[in-house]
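As a plain string of letters, each chain reads:
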There are 2 protein chains.
Amino acid sequence: MLKHKHNHDECIESALEAAQKICEERETRFTPLRRRVLELVWSKHQPITAYEVLDLLSEGQKRVAPPTVYRALDFLIEEGFVHRIESLNAFVGCSDPEHKHQGHFMICTKCSNVTEMNEKSLHDVIKKAAKENGYTYENSILEIAGVCENCRN
Amino acid sequence: MLKHKHNHDECIESALEAAQKICEERETRFTPLRRRVLELVWSKHQPITAYEVLDLLSEGQKRVAPPTVYRALDFLIEEGFVHRIESLNAFVGCSDPEHKHQGHFMICTKCSNVTEMNEKSLHDVIKKAAKENGYTYENSILEIAGVCENCRN
DNA sequence: TGATGGGTTGATATTTTATAACAATCAGGG
DNA sequence: CCCTGATTGTTATAAAATATCAACCCATCA
């Protein structure tokens, strides 16, 4: 799989720093465990399952139990640092943690890469559809499956 | 929970008939088991889990095993008679089985009722978003959570 | 200082959701 | 009737998530 390269270590580092900063502002606790789990979610740079995180987290130490991971993930999702991909039972780091939001995703069926869409227009259309159907909008998940540009070539 | 009444038996019956007819056209097999599972999915008229179907299916006879239900559901989804709601791990009858399509849903967080949206405009916007992000569209899930009209009152 | 209490993590067990693998059965064409 | 492929039955297990209670950490305040 050929893919556009970027400095991934840097990208992880900046996600961690952003999270740290936001937690300070919100006075929520970015504990070592939560930090480590966020780092592991980002490390794959693709959707990662809770149990994959668990395996990575357990390397070189006593195996941790599922609740440890799920609780950390719950926190990270709550803070908006991580999104859950429902159709994959997996998790990805959020590309825009400053603004809490539900994620809208494109998922490549060939390489499994995920692209988060932060398009306001799309969001607006979805909200509008909710209203037209008589619903008070709370949140939404949109997961589009398709083949990405790289994989098509 | 107050809700708009309709003749639900009739509504189940017509879903079964439609499925029957479509299977004849497609020359796929609408077996008694598949028919019964579709009937059970419709019977709740709300999202129903695979294991709830399993329980209902097992009433008054030897308990069936999970694969029996999952296989029937796979068939019904494949044929487009049933949709899976990813955010609930549950299933609902499709309101428009004639035309195979991915479902787009509104889910009420109060009463759990689900409304399927068959709006072409929404579908078009989603396809367009995929294209703009360089993806070849295959399919999509959209699940909007909110409060429905009845529950707001 | 050290008691208290909220939040976090650890640990054990279990529940919920889904699938793998193989055997038995059924339905339609030769 | 017999063969073949599809469907269903059966057993076992995997994968994903949660319930529950104990231990720990640490800030606050009497």
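Described below are features of the structure shown in this document. (Residues numbered from 1 in each chain as written. Chains lettered and ligands numbered in written order. Predicted model: local features only at pLDDT ≥ 70, side-chain atom pairs only at ≥ 80, totals over all residues. Heavy atoms only, no water.)

### A few points about the protein's contact with DNA strand C
Under the convention used in this document: Any residue with a heavy atom positioned within 4 Å of a molecule or strand is treated as near that molecule or strand. Polar contact is the term for a pair of N or O atoms within 3.5 Å; when the atoms are in protein, one must be able to donate a hydrogen and the other to accept it, and sequence-neighboring residues count only if both atoms are side-chain atoms. Strands are runs of DSSP state E lasting at least 2 residues, helices are runs of H or I lasting at least 4, and numbering of each runs from the N terminus. Each residue is assigned to one of three groups, with Ala, Val, Leu, Ile, Met, Phe, Trp, Tyr, Cys and Pro labelled nonpolar, Asp, Glu, Lys and Arg labelled charged, and all others, Gly among them, labelled polar.
Neighbouring residues of DNA strand C: 17 residues in total, closest A:Thr31, A:Arg71, B:Tyr51, B:Tyr70 and B:Arg84. Near-protein atoms of DNA strand C (within 4 Å) split between backbone and bases, with sugar and phosphate holding 52%. In the environment of DNA strand C, a phosphate oxygen lies 2.9 Å from a nitrogen or oxygen atom belonging to the side chain of B:Tyr70. One nitrogen or oxygen atom from the side chain of B:Arg84 is found 2.6 Å from a phosphate oxygen belonging to DNA strand C. Mapped by element, the contributors of at least two residues to the surface near DNA strand C are α2 (32-44) and α4 (66-79) of chain A together with α4 (66-79) of chain B. For the surface near DNA strand C, the leading source of residues is α4(B), giving four residues. When grouped by side-chain class, the residues that make up the surface near DNA strand C number seven nonpolar, three polar and seven charged.

### As for the packing of aromatic side chains
Inclusion rule: Stacked, edge-to-face and tilted labels apply to pairs of Phe, Tyr and Trp rings (six-membered ring for Trp) whose centres lie within 6.5 Å, assigned for plane angles under 30 degrees, over 60, and everything in between, in that order. Summary of the burial criterion: residues with accessible area below 20% of their type's maximum are buried, those above 50% are exposed, and those between are partly exposed, where the area comes from a 1.4 Å probe applied to protein chains only. We call a charge positioned above a ring when the Lys NZ or Arg CZ atom is no farther than 6 Å from the ring centre and deviates by at most 35 degrees from the ring normal.
Per the stated rule, a full pass over the model turns up four aromatic pairs over all chains. Consider the rings of A:Tyr51 and A:Tyr70, whose centres lie 6.2 Å apart with planes at 70°: the pair is edge-to-face. Residue A:Tyr51 is located in helix α3 (residues 50-58), and its partner A:Tyr70 is located in helix α4; the two are separated by 19 residues in the primary sequence. For A:Tyr51, a relative accessible area of 44% corresponds to the partly exposed category. With a relative accessible area of 35%, A:Tyr70 lands in the partly exposed category. Between the aromatic rings of B:Phe30 and B:Phe81, the centroid separation amounts to 6.4 Å while the plane-to-plane angle is 85°, which identifies the pairing as edge-to-face. Highlighted residues: B:Phe30 in the loop between α1 (8-26) and α2 (32-44) and B:Phe81 in the loop between α4 and β1 (82-85), separated in sequence by 51 residues. Its end group placed over the ring of A:Phe75, A:Arg34 keeps NZ or CZ at 3.8 Å from the ring centre.

### A few points about the interface of chain B and chain A
Let me state the cut-off plainly: Here a residue-residue contact requires only that any non-hydrogen atoms of the pair lie within 4.5 Å. Note on definitions: buried area is the accessible-area loss of two parts on being combined, 1.4 Å probe, summed for both. Basic side-chain nitrogens of Lys or Arg form a salt bridge, by our definition, when they fall within 4 Å of a carboxyl oxygen of Asp or Glu.
The interface of chain B with chain A comprises 35 residues on the first partner and 35 residues on the second. Taken together, the two surfaces of chain B and chain A that pack against each other cover about 2800 Å², and 57% of this comes from carbon and sulfur. At the surface where chain B touches chain A, the tally comes to zero salt bridges. Our count for the chain B to chain A interface comes out at 20 residue pairs in polar contact (both at pLDDT 80 or more). Residues belonging to the side of chain B that touches chain A are distributed by class as follows: 18 nonpolar, ten polar and seven charged.

### Some remarks on the sheet that holds strand β5 (residues 136-147) of chain A
The strands making up a sheet associate through hydrogen bonds between their backbones, and the pairing can be parallel or antiparallel. Rules: Strands are treated as partners if at least two bridges between them are detected by DSSP. Lines are fitted to the C-alpha atoms to define the axes, a helix being fitted only along its stretch in contact, and any angle between axes, read from their N-to-C directions, falls within 0 to 180 degrees.
Read across the open sheet, the six strands follow the order β4(A)-β3(A)-β5(A)-β5(B)-β3(B)-β4(B); overall the sheet is mixed. Each edge of the open sheet is held by one strand with a lone partner, namely β4 (114-117) of chain A together with β4 (114-116) of chain B. Strand-to-strand, the axes of this sheet are offset by a mean angle of 20°, without reference to chain direction. Sheet topology note: the β5(A)/strand β5 (residues 136-147) of chain B ladder contains eleven bridges and is antiparallel. When the sheet's bridge partners are listed, A:Thr136 is paired in β5(B) with B:Val147. Sheet contacts for helix α5 (residues 120-132) of chain A: β3 (104-108), β4 and β5 of chain A together with β3 (104-108) and β5 of chain B; angle to β5(A), the most-contacted strand, approximately 125°.

### What to know about the protein's contact with DNA strand D
Near DNA strand D, the surroundings consist of 16 residues, among which A:Tyr51, A:Tyr70, A:Arg84, B:Thr31 and B:Arg71 are the closest. The sugar-phosphate backbone supplies 51% of the atoms of DNA strand D found within 4 Å of the protein. With respect to DNA strand D, the side chain of B:Arg34 contributes an N or O atom lying 3.2 Å from a phosphate oxygen. In this structure, B:Arg71 approaches DNA strand D through a side-chain N or O atom, which is 2.6 Å from a base nitrogen. Among the secondary structure elements, those contributing two or more residues to the surface near DNA strand D are α4 of chain A together with α2 and α4 of chain B. With four residues, the top contributor of residues to the surface near DNA strand D is α4(A). The class makeup of the residues in the surface near DNA strand D is seven nonpolar, three polar and six charged.

### Re unusual backbone geometry
Across residues other than glycine, the phi torsion is negative in most instances, and most of the peptide bonds are trans. Residues and elements named next belong to chain A. Located in the positive-phi region is His-45, a residue other than glycine, with phi close to 55°. By secondary structure assignment, the location of His-45 is in the loop between α2 and α3. Even without glycine at this site, Ser-112 takes up a positive phi of about 70°. Under the relative-accessibility criterion, Ser-112 is labelled partly exposed at 36%.

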